[in-house]
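# Coordinate analysis (summary)
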Amino acid sequence: MQLYPLFADLAGRPVLVVGGGDVAARKAAMLLRAGAQVTVGAPMLGPELRQWVQQGRIAYRAGAYQSDWLAGAWLVIAATRSRPLNARIAADGHAQQRLVNVVDDPALSSFQVPAIIDRSPLLVAISSGGVAPVLARRLRERLESLLDPTLGPLLQLAQRYRARIRARHADLAARRRFYDWLHDGPVRALLRAAQPVRAEQQLVAALSLHQEPKAQGSVILVGAGPGDPGLLTLRALRALNEADVILHDALIDARILDLARRDAEQIAVGKRGGGAHTPQETIHALLLEHARAGRRVVRLKGGDPFVFGRGGEELQFLHAHGIACEVVPGITAALACAAYSGVPLTHRDHAQAVRLVTAQCQHALTQLNWPELAQDRQTLAVYMGVSKLDELTRQLLAHGRAPSTPFALIENGSLPSQRTLVGTLHELPALAAQHAIEAPALLILGEVAAVAEASHWHGQLLGRYATRSSTATLADAA
Ligand code: SAH
């Protein structure tokens, strides 16, 4: 072991920081968080440090560094821009047996400040011994994303009730099970739902129960985004990491399922156009069955669960059956396809509204409000429309949308196989057929789509705006 790990209690203890710039300010800020009594020494101070001196939060030694500044300091941080000066501070400090850190200079330092993940009272510190700071930083990012921010408040709660938990569960094994329940069960869920008072009430109620609290199942409706795993939210990733069972749509990318906990059971409840179809009632029954068995269930849906995803129905059903639920939004196809084809959905001059429309209605397509949909100065984002492009185009033209209205039809948006087809409304069905565009694809129709030909950046571009130059701009579309 190259370095001895330690967590120092600096509360009320003098610490010296030499340097007056941004780096020194960052170091001082961290020391203040740990309650240290910070003195900063430098000829001049930056605005932040100056403010802290004025507020009396730190002490200030003005002028050029002198070795007597070290007197009384438990730790020394050298954060000046001059390496010879930093070396002198380190040498002086070491002669007096102080621990010295020279920022970004392990060779001169006798201690290093690790990368941390702060979920106080839990603190994770990472060091690569100065050998691989990039690796340490990446690891920190990974852990930062995996450790839910409610971990801190949960541990604080557990700390306050520690004696009562110990008294109630004298047996070690029972106590462990109680702590597991605390981490995985309703208390944690209530903290995530920003309801700390109810979380504490749950804990108190559980402590007054005769039996141990039973593991309670829960369901999280999670939006998986359009396909690219990079578009998952941190919450979605955490939910996947903690799941016992994952009920997922057929369209979910395998790379996303690969991110899930290894021993989570995965159940496809696919509804792929034409293929195997799981009735909604079966999905409801499965959710209920697994949650009632005490499992943490993730219902993973493409895009966002509440946009053409029947997530609302599932949530209502589960609520009606008393199952604890959370919802994690995802990036819906319209937003992802717009971004990945370079098309802004709104524009100051050309589109003051966006409509998310589905071409897959319970009723016939004729029941959509075509006069409204055909209005200009708005963008239509049409989901599930590939097989309905003929009728869609006919109705929009019949209700007055200009034949020259530009469109972008994005197939497999955000995936490596993305294809973006551009053209004008009147030629939409023919072009889509010519290029054999298949589901999943999203249609963006409106003046804003005119920029796709020039600003599209992901995957393959097909077609062109027949009546426009290849560098069509929104000004041309006006
Ligand atoms: N809840 C989903 C939509 C489900 S409906 C969401 O918020 O995105 C399924 C339709 O979404 C598909 O028919 C297609 O129109 C669209 N869609 C989903 N993923 C897509 C993708 N990667 N590229 C293009 N369209 C997509």
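Residues numbered from 1 in each chain as written. Predicted model: local features only at pLDDT ≥ 70, side-chain atom pairs only at ≥ 80, totals over all residues. Heavy atoms only, no water.

### So, the side chain of Asn 412
This is how the line gets drawn: Counting from the N terminus, the helices are DSSP H or I runs at least four residues long and the strands are E runs at least two residues long. Think of it in three bands: residues with accessible area under 20% of the maximum for their type are buried, residues over 50% are exposed, and the middle band is partly exposed, with areas taken using a 1.4 Å probe on protein chains only.
Relative to the helices and strands, Asn 412 resides in the loop between β15 (406-411) and β16 (419-424). The exposure class assigned to Asn 412 is buried, which follows from its relative accessible area of 19%.

### Describing the sheet that holds strand β4 (residues 75-78)
Hydrogen bonding along the main chain pairs the strands of a sheet, whether they run parallel or antiparallel. Applied cut-off: One bridge is not enough; two strands pair if DSSP finds at least two bridges between them. Where helices are involved, their axes are fitted lines through C-alpha atoms of the stretch in contact, as for all axes, and angles between N-to-C directions lie from 0 to 180°. Working rule for contacts: check all heavy atoms of both residues, and any pair within 4.5 Å makes them a contact.
With parallel pairing, the 5 strands of this open sheet are ordered in space as β3-β2-β1-β4-β5. Two strands bound the open sheet, and with one partner strand each, they are β3 (59-62) and β5 (99-102). If you compare each strand with its neighbour and ignore which way they point, the axes differ by 20 degrees on average. When strand β2 (residues 37-42) meets β3, the two strands line up parallel, connected through 4 bridges. Its bridge partner lying in β3, Ala 42 is registered against Ala 62. The strands that helix α1 (residues 22-33) touches are β1 (14-18), β2 and β4; relative to β2, the one it contacts most, it runs at about 165 degrees.

### Some thoughts on the domain arrangement of the chain
Where we set the bar: Domain delimitation in this document rests on an assignment produced automatically or drawn from a domain database. Only one rule defines a salt bridge in this text: a Lys or Arg side-chain nitrogen within 4 Å of an Asp or Glu carboxyl oxygen. Under the rule applied, a polar contact is a pair of N or O atoms within 3.5 Å (in protein, one hydrogen donor and one hydrogen acceptor; residues adjacent in sequence only if both atoms are side-chain atoms). Amino acids outside the nonpolar list (Ala, Val, Leu, Ile, Met, Phe, Trp, Tyr, Cys, Pro) and the charged list (Asp, Glu, Lys, Arg) are all regarded as polar, and Gly is one of them.
Annotation of the chain at the domain level lists domain 1 (14-113), domain 2 (151-208), domain 3 (218-331) and domain 4 (334-477). In this structure, domain 3 and domain 4 have C-alpha centres spaced 29 Å apart. Across the contact surface, domain 3 and domain 4 share 0 salt bridges. Seen at the junction of domain 3 and domain 4, the total is 2 residue pairs in polar contact (both at pLDDT 80 or more). Counted by class, the side of domain 3 that touches domain 4 contains 6 nonpolar, 1 polar and 3 charged residues.

### Some points on α1
Convention followed: Residue count minus one, scaled by 1.5 Å, sets the expected span of a helix. Taking the helix axis as origin, the arc is that swept by the directions to the C-beta atoms.
Here α1 spans 17 Å end to end across 12 residues, near enough to the 16 Å set by a 1.5 Å rise per residue. Regarding α1, the residues found buried are Ala 24, Ala 25, Ala 28, Leu 31 and Leu 32. Across the axial projection of α1, the buried residues extend over an arc of 125 degrees, all falling on one side. What points out from α1, more than 90 degrees from its buried face, is the exposed set Asp 22, Arg 26 and Arg 33. Close packing links the buried residues of α1 with β1, β2, α2 (47-54) and β4.

### Regarding the site of the ligand
Selection rule: Any residue with a heavy atom positioned within 4 Å of a molecule or strand is treated as near that molecule or strand. Only the protein chains shown count as cover for residues, and all accessible areas are computed by the Shrake-Rupley method using a 1.4 Å probe.
The environment of the ligand is made up of 17 residues, and the closest members are Asp 304, Val 307, Thr 332, Gly 413 and Ala 441. Contact between the ligand and Pro 226: a nitrogen atom at 3.0 Å from a main-chain N or O atom of the residue. In the model, a nitrogen atom of the ligand is placed 3.0 Å from a nitrogen or oxygen of the Gly 302 main chain. Burial of the ligand by the protein amounts to 90% of the accessible area it has alone, namely 540 Å². Only α14 (333-341) and β17 (441-445) provide two or more residues apiece to the shell around the ligand. Of the residues belonging to the shell around the ligand, the class tally is 11 nonpolar, 5 polar and 1 charged. Composition of the shell around the ligand by domain shows at least three residues from each of domain 3 (218-331) and domain 4 (334-477).

### Here's the deal with the packing of aromatic side chains
The criterion, for reference: Note on ring pairs: Phe, Tyr and Trp rings are taken, using the six-membered ring of Trp, and paired if centres are within 6.5 Å. Classes follow the plane angle, with under 30 degrees stacked, over 60 edge-to-face and the rest tilted. A positively charged side chain is recorded as over a ring if its NZ (Lys) or CZ (Arg) lies within 6 Å of the ring centre. The angle to the ring normal must also be within 35 degrees.
Here the structure, examined in full by the defined rule, presents 4 aromatic pairs. Judged by centre distance (5.3 Å) and plane angle (40 degrees), the rings of Phe 178 and Trp 181 are tilted. With Phe 178 and Trp 181 both in helix α7 (residues 172-184) and 3 residues apart, the pair spans about one turn of that helix. Geometry around Trp 74 places Arg 13 over its ring, the cationic atom sitting 4.5 Å from the centre.

### Considerations on the pattern of salt bridges
Side-chain pairs of opposite charge can arise where the charged atoms are in close proximity. Tallying each qualifying case throughout the model produces 21 salt bridges. When the shortest N-O distance is used, the salt bridge between Glu 314 and Arg 299 registers 3.0 Å. Remark: Arg 299 occurs in strand β11 (residues 296-301) and Glu 314 occurs in helix α13 (residues 311-320); sequence separation between them is 15 residues. According to the relative accessible area criterion, Glu 314 is buried, its value standing at 0%.

### Some details on a nonpolar patch on the surface
Operational definition: Residues enter a patch when their relative accessible area is above 30% and they make no salt bridge; the linking distance is 9 Å between like charges and 5 Å between nonpolar side chains (Val, Leu, Ile, Met, Phe, Trp, Tyr).
Taken together, the side chains of Phe 308, Val 354, Leu 356 and Met 384 present a nonpolar region at the surface, about 310 Å² in accessible area. Mapped onto the elements, Leu 356 comes out in strand β13 (residues 353-358). Leu 356 sits in the partly exposed class, given a relative accessible area of 40%.

### Here's the deal with the nonpolar core
Under the convention used in this document: Nine residue types can take part in a nonpolar core, namely buried Ala, Val, Leu, Ile, Met, Phe, Trp, Tyr and Cys, and a core is a set of them joined through side-chain atoms within 4.5 Å.
If you look at the biggest cluster of nonpolar residues, it comprises 24 residues, and the most contacted ones within it are Leu 396, Phe 407, Leu 409, Leu 421 and Leu 443. Residue assignment for this core shows that the elements contributing at least two residues are α15 (370-373), β14 (378-383), α16 (389-398), β15, α17 (428-434) and β17. Not counting the four nearest positions on each side in its chain, Phe 407 is found in contact with Leu 421, Val 422, Gly 423, Thr 424, Leu 425, Leu 428, Leu 431, Leu 443, Ile 444, Leu 445, Ala 449 and Tyr 465. Val 15, Ile 77, Ala 79 and Val 103 belong to the second largest nonpolar core, which has 21 residues in total.

### Side note on the sheet that holds strand β12 (residues 324-328)
Pairing is parallel in the open sheet, where 5 strands are placed in the order β10-β9-β11-β8-β12. The sheet is open, and its two edges are formed by β10 (265-268) and β12, each paired on a single side. For this sheet, the mean inter-axis angle between neighbouring strands, taken without regard to orientation, is 20 degrees. Taken together, the 4 bridges between strand β9 (residues 245-248) and β10 define a ladder with parallel strand orientation. For Leu 247, the partnering residue across the bridge sits in β10 and is Ile 267. Set on the sheet, α13 makes contact with β8 (218-223), β11 and β12; between it and β8 the angle comes to about 170 degrees.

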